[in-house]
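Chain by chain, the residues run as shown.
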Protein chains: 2
Amino acid sequence: MSIQARKERERAERERLIVSAARELAEAEGWDAVTTRRLAAEIEYSQPVLYSHFKGKTAIMAAVAVEGCAELAGELRRARTAAEGTRARLAAVGEAYTAFARRRPALYDAMFTHLVDLPWATPEAPAPLREAFGELLAAVEPTAAEGEDTGLLTETFWAGLHGLVTLMRSGRLPEAGHERRLALLIGHFTAGLPGS
Amino acid sequence: MSIQARKERERAERERLIVSAARELAEAEGWDAVTTRRLAAEIEYSQPVLYSHFKGKTAIMAAVAVEGCAELAGELRRARTAAEGTRARLAAVGEAYTAFARRRPALYDAMFTHLVDLPWATPEAPAPLREAFGELLAAVEPTAAEGEDTGLLTETFWAGLHGLVTLMRSGRLPEAGHERRLALLIGHFTAGLPGS
DNA sequence: GCAGTGTTGCTAGCACTGCTAGAATCCGGG
DNA sequence: CCCGGATTCTAGCAGTGCTAGCAACACTGC
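In this text, all values refer to a predicted model and were calculated from it rather than measured experimentally.

What about the overall build of chain A?
What chain A contains, in helices and strands, is nine helices and zero strands. Considered along the principal axes of its C-alpha atoms, chain A spans approximately 65 × 40 × 25 Å. Classification of the 196 residues of chain A by burial places 47% in the buried group. Nonlocal contacts in chain A, meaning residues at least 24 apart in sequence, comprise 62% of its contacts between residues at least 6 apart. With the model as given, the accessible surface of chain A reaches about 9600 Å², and the carbon-plus-sulfur share is 52%. If you average the places of the 24 positive and of the 27 negative side-chain charges in chain A, the two averages end up 4 Å apart.

Quick word on the relation of the copies chain B and chain A
Taken as rigid bodies, chain B and chain A are interconverted by a rotation of 180 degrees and an axial shift of 0.0 Å, the fit giving an RMSD of 0.1 Å. What the superposition gives is, in effect, a two-fold axis relating one chain to the other. With an isologous cut-off of 70% or more, the 100% of interface residues of chain B that recur at the interface of chain A puts this contact in the isologous class.

Overview of helix H2 (residues 36–43) of chain B
All names here are of chain B. Of all the residues in H2, the buried ones are Thr-36, Leu-39, Ala-40 and Ile-43. All buried residues of H2 project into a common sector of 100 degrees when viewed along the axis, lining one side. In H2, the exposed positions angled more than 90 degrees off the buried face are occupied by Arg-37 and Ala-41.

Topic: the interface of chain B and chain A
Contact residues are listed per partner, giving 33 residues for chain B and 33 residues for chain A. Carbon and sulfur atoms make up 69% of the area that chain B and chain A hide from each other, which totals about 2900 Å². The largest share of the area that chain B buries against chain A comes from Leu152(B), Arg172(B) and His188(B), three residues that together contribute 25% of it. Linking chain B to chain A there are two salt bridges. Here Glu155(A) and Arg181(B) are joined by a salt bridge, their closest N and O atoms 2.6 Å apart. Linking chain B with chain A are eight residue pairs in polar contact (both at pLDDT 80 or more).

Observations concerning the side chain of Ser170(B)
All names here are of chain B. Residue placement: Ser-170 occurs in the loop between helix H8 (150–169) and helix H9 (178–189). Overall, the relative accessible area of 17% leaves Ser-170 in the buried class. Within the local environment of Ser-170, its side chain forms a polar contact with the backbone oxygen of Leu-167, the two atoms lying 3.4 Å apart.

A look at the protein's contact with DNA strand C
The environment of DNA strand C is made up of 17 residues, and the closest members are Thr35(A), Thr36(A), Lys57(A), Arg14(B) and Ser46(B). Note that a phosphate oxygen of DNA strand C is positioned 2.9 Å from one of the side-chain N or O atoms of Tyr51(A). Between a phosphate oxygen of DNA strand C and a side-chain N or O atom of Ser46(B), the distance comes to 2.5 Å. Those elements that provide at least two residues to the surface near DNA strand C are helix H1 (2–29), helix H2 (36–43) and helix H3 (47–53) of chain A together with helix H3 (47–53) of chain B. At three residues, H3(A) tops the list of elements feeding residues into the surface near DNA strand C. When grouped by side-chain class, the residues that make up the surface near DNA strand C number seven nonpolar, five polar and five charged.

Looking at the nonpolar core
Soluble globular proteins tend to bury their nonpolar side chains together. Counting residues in each nonpolar core, the largest one holds 118 residues, and the members touching the most others are Tyr97(A), Phe112(A), Tyr97(B) and Phe112(B). Among all residues touching Tyr97(B), those that are not within four sequence positions of it are Leu72(B), Leu76(B), Tyr108(B), Phe112(B), Trp158(B), Leu161(B), His162(B) and Val165(B).

Focus: the environment of Ser46(A)
By the secondary structure assignment, Ser46(A) is in the loop between H2 and H3. For Ser46(A), a relative accessible area of 42% puts it in the partly exposed group.

The rules behind these values
Residues numbered from 1 in each chain as written. Chains lettered and ligands numbered in written order. Predicted model: local features only at pLDDT ≥ 70, side-chain atom pairs only at ≥ 80, totals over all residues. Heavy atoms only, no water. Helix = DSSP H or I, 4+ residues; strand = E, 2+ residues; numbered from the N terminus. Buried < 20%, exposed > 50% of the residue type's maximum accessible area, 1.4 Å probe, protein only. Contact = heavy atoms within 4.5 Å. Areas by Shrake-Rupley, 256 points an atom, 1.4 Å probe, with all protein chains shown as cover. Lys, Arg positive; Asp, Glu negative; His and termini not counted. Charge placed at Lys NZ, Arg CZ, Asp CG, Glu CD. Least-squares fit on C-alpha atoms with pLDDT ≥ 70 in both. Arc of directions from axis to C-beta. Buried area = accessible area lost by both parts, 1.4 Å probe. Salt bridge = Lys/Arg side-chain N within 4 Å of Asp/Glu carboxyl O. Polar contact = N/O pair within 3.5 Å; in protein donor to acceptor, adjacent residues only side chain to side chain. Near = heavy atom within 4 Å. Nonpolar A, V, L, I, M, F, W, Y, C, P; charged D, E, K, R; others polar. Core = buried A, V, L, I, M, F, W, Y, C linked by side-chain atoms within 4.5 Å.

Below, the structure written as structure tokens:
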């Protein structure tokens, strides 16, 4: 009984070790550097051990992505609750979102650009994913007009942020001007608001 | 003199063959299926021939991306010139952009998601890239307020479209609702326009 | 017409990838 | 103390992008 519990505990511990090692390696050298061999060496086990925990490399990335979503949700919440007023809250959340993406590019890639085989826009989506989206929703909701679908509106706003981030990170948009582009996006999503 | 001209012509012909084969293969089975071996077989030459034309696989993808940009520019222009009125033009261009992305996902990936090592936001960017952006600019410009930077505004609008497309294609946004999300984006970028 | 020459394209192979079958090893229970 | 079963490792597969060095070809000058 007790010894099996210990084994399960150790196993869970090692699983967390895999995920955090993958994340650290990715953040330090990019996802290309995260090979199964390299990752196995990092956790001081052999390759096949990885496959006893995860179905494959993409499953490991998915686990990292979920972890990242939890973190992002926290940062968005902090930004939102710290700001006063509808417009300022949306601006703060947008700022926090893009700052997160720029500070942790590899994490962001795992979450929102790489194919990771996670259920997204469904109730079965992992909690951290729904939480992160919920934070965006909470910031966007007050800006909605009468009868507007706040879910769709949030998705559209999210797309704007995501586009800014990815196009910039791939060199398609110059870093310079990011603040002003973000301000334009916020401005267009809060036009016609009494508080502006 | 003439024989060298013929050789160069044949060489250029083969280069075009490589690019179009890569493109067709990518559109049919995705970029993962475009391996150097497969591509070589497709053009009925051996692998090293590819490297006498392009620096590597990414360079081939870049060539495909440029071709795709030219095509996108054409479709955007058609959409823009066919529509009447500032708002309708922006809507038509947005519609054409997302339709292109959904119809030719592999092409779109090469152009705007994969790392392709092309100069983008500079004067040295290939003409088709600048043309495609110019089409967006032409549609966005009339919506700009007094003293607004139309370049930055276009970039922001582009980011919105790009975000919608990529999040949808990776399953992060449901296909259903695309039209309404696009309408919301257009709406927010044309608010406060006399013609609305 | 023909040998020499220089380019052109091919064969073979490197170092690496994700992933897995089967051998070896370790650990708890009798 | 030793056996049995779970656990982990070694070794290898099929595939990747890319390249060195050789063979064969086409063209030039005689």
